[in-house]
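Each chain, written out:
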Amino acid sequence: MLVRENIPLSRLTTFKVGGTARYVAECASVSDVKDALAFAAEKGVSWAVLGEGSNVLAPDEGYSGLILHMRIPGIEHDSETGALVAGAGVIWDQLVTQAGLRGLWGIENLAGIPGTVGAAPVQNIGAYGSELKDTFLYADVLDAHTGTVERLIKEDCAFGYRESMFKRERNLIILSVALLLAEDGGPKISYKDLQARKDAGAPLTTPREIAAVVRDVRSYKFPDLSVYGTAGSFFKNPVISKEAFALLKERFPEIPNFETEKGIKIPLAWILDHVLNLRSYRMNHASLFERQPLVLVTEDGATRNDVEQLATYVKEEVLRATNISIEREVQSFA
Ligand code: NAP
């Protein structure tokens, strides 16, 4: 296991902000992960896991502990369960590509989401009507408290909308994820962006074709990570009660809405755009992305503080204007 010292967190996270991490351990195997935990214990420092760093906001003051930089590779077919099993360090979109090449259905709508396979269950990534939990079979995790490797099935993980038990149980380090994908699935293209592509004649009949179209839609709507600092959608889309929605609809008759098991889901981008007029709104070196205001972006010289100030302002404005208390999707790891 390689341990590097004093590495800028801005290089380890897609927001491209943050001070220096004291130690960074490259973890390419389960034994590397165990060695890294032993290293942190020996140095008496805390630890945190990072994959691609695409959903975290790093502290400006840096991190005095050890980052476990998850690199476990490998994509295999598990003949016993029929699942496709990937190491936690595999880039998520490469797994989507592999599934497409094998003609397997289930994760094609999740194409182009940045991050690693190990990070995918943590927030139960979702897009265009699919969520990770729909195909999740199990994850092998190392419990840092006990040092044992355990297999967790879907029912253990408390998956919800961009939610899972992994957000709370930080002692569980995901090592690999198994997905049960189907050979005989079919397209899920109810979302307007995909429907519009279909109406325009795009081929959407195989997992590979759908993944390609999803990537194309995303590449227009979401910022290019090589140009902007960002962690994608900064806030979750709120789900509110039917009563609260009825009041909102009286004031904003055009408000889009979707019924879910837990209530009415409202696209927050619509509120930011049409109620608050915050599209492209800027504070210091952070702003709301012009093509999708739910996405916060940073430019050179940005600090976490810039992002925090903008995010706090947005949250307060949404509460003031709609009485909805929004939650962050992006995590703080320290
Ligand atoms: P969009 O397609 O404009 O949709 C905006 C909102 O409306 C989302 O809350 C979406 O729900 C909901 N919605 C739209 N059509 C719907 C339908 N037919 N049935 C039910 N709900 C519907 O969103 P976007 O910003 O361009 O993003 C595209 C997709 O990528 C969305 O699914 C979004 O959630 C997803 N995304 C995920 C992440 C992540 O996992 N971190 C980050 C960025 C974007 P859902 O949110 O339930 O889809």
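Keep in mind that what you see is a predicted model, and the values were worked out from it rather than measured.

Definitions and limits used
Residues numbered from 1 in each chain as written. Predicted model: local features only at pLDDT ≥ 70, side-chain atom pairs only at ≥ 80, totals over all residues. Heavy atoms only, no water. Helix = DSSP H or I, 4+ residues; strand = E, 2+ residues; numbered from the N terminus. Buried < 20%, exposed > 50% of the residue type's maximum accessible area, 1.4 Å probe, protein only. Polar contact = N/O pair within 3.5 Å; in protein donor to acceptor, adjacent residues only side chain to side chain. Near = heavy atom within 4 Å. Areas by Shrake-Rupley, 256 points an atom, 1.4 Å probe, with all protein chains shown as cover. Nonpolar A, V, L, I, M, F, W, Y, C, P; charged D, E, K, R; others polar. Contact = heavy atoms within 4.5 Å. Salt bridge = Lys/Arg side-chain N within 4 Å of Asp/Glu carboxyl O. Expected span 1.5 Å × (residues − 1). Arc of directions from axis to C-beta. 1 Å grid on protein atoms, 1.4 Å probe; cavity = no way out; pocket = protein on both sides within 12 Å on 5 of 7 lines; lining within 4 Å. Points joined across faces, edges and corners; volume = space filled by probe spheres on them. Pairing = 2+ DSSP bridges. Axes fitted to C-alpha atoms, helices over the stretch in contact; angles between N-to-C directions.

Undergrad: What am I meant to see in the environment of Glu163 here?
TA: Take Glu163: it is sitting in the loop between strand 11 (148–153) and strand 12 (172–179). A residue is classified by how much of its surface remains accessible, and Glu163, at 22% relative accessible area, is partly exposed. Considered as a pair, Glu163 and Glu329 are 166 residues apart in the sequence and their alpha carbons are 8.8 Å apart. For Glu163, the side chain forms a polar contact with the side chain of Arg168, separated by 3.5 Å.

Undergrad: Looking at this structure, I do not really get the site of the ligand. What am I missing?
TA: Taken together, 21 residues surround the ligand, and among them Tyr161, Lys221, Lys265, Gln292 and Glu329 come closest. Tyr191 is positioned such that a nitrogen or oxygen atom in its side chain is 2.7 Å from an oxygen atom of the ligand. At 2.6 Å from an oxygen atom of the ligand is found a side-chain nitrogen or oxygen belonging to Lys221. Within the complex, 86% of the 810 Å² of free accessible area of the ligand lies under protein. When grouped by side-chain class, the residues that make up the shell around the ligand number 8 nonpolar, 6 polar and 7 charged.

Undergrad: What's the story with the environment of Ile324 in this structure? I'm lost.
TA: Note that Ile324 resides in the loop between helix 7 (304–322) and strand 20 (331–332). For Ile324 and Ala200, which are 124 residues apart along the polypeptide, the C-alpha to C-alpha distance reads 36 Å. Setting aside residues no more than four positions away along its own chain, Ile324 makes contact with Pro238, Ile240, Leu248, Ile271, Val318 and Leu319.

Undergrad: Before we go on, may I ask you to explain the pattern of salt bridges in this structure?
TA: Where charged atoms from two side chains of opposite charge come close, those side chains can pair. Tallied over the entire structure, the rule returns 21 salt bridges. A salt bridge links Lys133 to Glu131; its shortest N-O distance comes to 3.5 Å. For Lys133, a relative accessible area of 25% corresponds to the partly exposed category. Overall, Glu131 belongs to the buried group, its relative accessible area being 17%.

Undergrad: So what exactly am I meant to see when it comes to helix 4 (residues 207–221) here?
TA: Spacing of three or four residues puts side chains on the same side of an α-helix, whose turn is 3.6 residues. When the terminal C-alpha atoms of helix 4 are compared, their 21 Å separation across 15 residues agrees well with the 21 Å that a helix rising 1.5 Å per residue should span. Turning to helix 4, its buried residues are Pro207, Ile210, Ala211, Val213, Val214, Val217 and Arg218. Mapping the buried residues of helix 4 onto a view down its axis gives an arc of 165 degrees, with all of them on the same face. Pointing more than 90 degrees away from the buried face of helix 4 are the exposed residues Arg208 and Tyr220. Of the surrounding secondary structure, the elements contacted by the buried residues of helix 4 are helix 2 (92–101), strand 8 (126–127) and helix 3 (192–199).

Undergrad: Got a minute to help me understand the layout of surface pockets in this structure?
TA: In this structure, the second largest pocket encloses a volume near 220 Å³. Taken together, 18 residues form the lining of the second largest pocket, with Tyr228, Gly229, Val297, Thr298 and Glu299 sitting closest to its centre. Looking at the lining of the second largest pocket, the elements with two or more residues in it are strand 18 (286–288) and strand 19 (295–298).

Undergrad: Sorry if this is basic, but what is going on with the sheet that holds strand 18 here?
TA: The strands making up a sheet associate through backbone hydrogen bonding, with each pair oriented either parallel or antiparallel. If you walk across this open sheet you meet the 4 strands as 13-19-18-17, and the pairing is antiparallel. Sheet topology places strand 13 (229–233) and strand 17 (282–283) at the edges, where each strand pairs with a single neighbour. As defined by bridge partners, strand 18 adjoins strand 19 across 3 bridges and the pair is classed as antiparallel. In the sheet register, Ala286 faces strand 19, and the bridge partner there is Thr298. Packing against the sheet, helix 7 makes contact with strand 17, strand 18 and strand 19, and its axis sits at approximately 35 degrees to strand 18.

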